[in-house]
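Report on the structure
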Amino acid sequence: MTNRQTAIPTIVASENGRRGARAAMELLINGGSALDAAELACRVVEDDPAEHTVGYGGIPNALGEVELDASIMDGRTLQAGAVAAVRGYGNPITLARRVMERSPHVLLVGRGAERFAAEMGQSRADQQTEEAMQRWLTRFDERGLSPDAPIPLRELAARLTGPINLHDRNEDAIPGQPMGVKPLDMLGTVNFLVLDSRGALASAVSTSGIGWKYPGRVGDSPLIGAGNYCDNHYGAVACTGMGELAIRAATARSLILYLRQGLSLHDAGRKALADLARLDPGPGQYMNIVALTPRGEHAGFTTVPGKRYLYMTAEMEEPALAERVAE
Ligand code: ASP
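Residues numbered from 1 in each chain as written. Predicted model: local features only at pLDDT ≥ 70, side-chain atom pairs only at ≥ 80, totals over all residues. Heavy atoms only, no water.

**Overview of the sheet that holds strand β10 (residues 298-302)**
What links the strands of a sheet is backbone hydrogen bonding, and the strands pair in either a parallel or an antiparallel sense. Going by this rule: Between any two strands, at least two bridges found by DSSP are needed for them to pair. Helix and strand definitions follow DSSP, with helices as H or I runs of at least four residues and strands as E runs of at least two, each counted in order from the N terminus. Only the stretch in contact is used when fitting a helix axis, every axis being a line fitted to C-alpha atoms; angles between N-to-C directions are given from 0 to 180 degrees. Pairs of residues are marked as contacts when any of their non-hydrogen atoms sit within 4.5 Å.
If you trace the four strands from one edge of the open sheet to the other, you get β7-β8-β9-β10, paired in antiparallel fashion. With one partner strand each, in any of the chains shown, β7 (228-231) and β10 form the two edges of the open sheet. Averaged over all neighbouring strand pairs, the angle between strand axes comes to 15°, with direction disregarded. Where strand β8 (residues 235-241) lies against strand β9 (residues 287-292), six bridges are found, and the strand directions are antiparallel. Considered in β9, the bridge of G241 is made with M287. Each of β7, β8, β9 and β10 is contacted by helix α8 (residues 251-260), which is oriented at about 145° to β8, the strand it contacts most. Against the sheet, helix α9 (residues 265-277) engages β9 and β10, with an angle of about 20° to β10.

**Here we look at the nonpolar core**
Where we set the bar: Side-chain atoms within 4.5 Å are what join buried Ala, Val, Leu, Ile, Met, Phe, Trp, Tyr and Cys residues into a set we call a nonpolar core. Type-normalised accessible area, obtained with a 1.4 Å probe on protein chains alone, sets the label of each residue: buried when under 20%, exposed when over 50%, and partly exposed for intermediate values.
Counting 52 residues, the largest nonpolar core has L255, L276, I289 and F301 as its most contacted members. Ignoring sequence-local partners within four residues, the contact set of L276 consists of L245, A246, A249, T251, P281, M287, I289 and T303. In terms of nonpolar packing, the next biggest core, distinct from the first, is built from 35 residues, V54, Y89, L95 and M312 among them.

Taken by themselves, the reported measurements are silent on function.
Shown next, in the form of structure tokens:
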């Protein structure tokens, strides 16, 4: 019974998940589980030094330290694991899975998460790359600041991460926000939602969080219910964007609850967007959502028109992009 085909393996991801999706689909086609595929997909992106918003090579915090967050959830059991603000260890998604499987906890942070990584036999590994450090420094120059500016760190971080108001015509401006405010550019995360051939769902999210963030700041990605939720009965949901918004609206779990109330995927997503709109997002702030149901139906949603997401089924040679719903 265990190998009975009940679903077409499907992967839904944020736009930066292409390489991870390919590797994960190969695993699924060979009979791998959704959980293994979601973890593998994240690891591929985490290990890519050219991806500056996730794992190795992520943009550091205001002090120049890379702090990683990740979470994973098994839709069959509703078991979940997460880590946040981890420094000096790679592949936070695997650490999150270990928290789920080898501890009675869901979330470990900072020093405790690092200690747990060592206990799990992970070796320390510097997550900084020269290129990411260069980007980190360039931002100070662009904003007329320096890493040792004699101002409180919270002010320095706010000035580094805040939006630039261009004051002139700007085609990227967010509708409904003052002309010239661009979507914030220091964001980025990878989402993977996976449906395997046995009909099991899993979700995985990994990020270095907001670049130049205040040390210890934790976004939605490692928070189950905010940036990640997965339930085999209804679906899997994950977010990217300004994590504080998804935390305040409990976006991932809310969308699942809307599905549970009987709404269609599109209506459930629109309702989650309406919840986010009520928060009156600050200048440049946005949120993206991806969702996948146990029947393999998928969609993306965004508060910023023009954003896309990635999907791939076992019937496709390559991942494809689809528009996110934005209303
Ligand atoms: N959601 C992530 C966070 O707030 C960042 C992102 O997705 O861009 O940490």
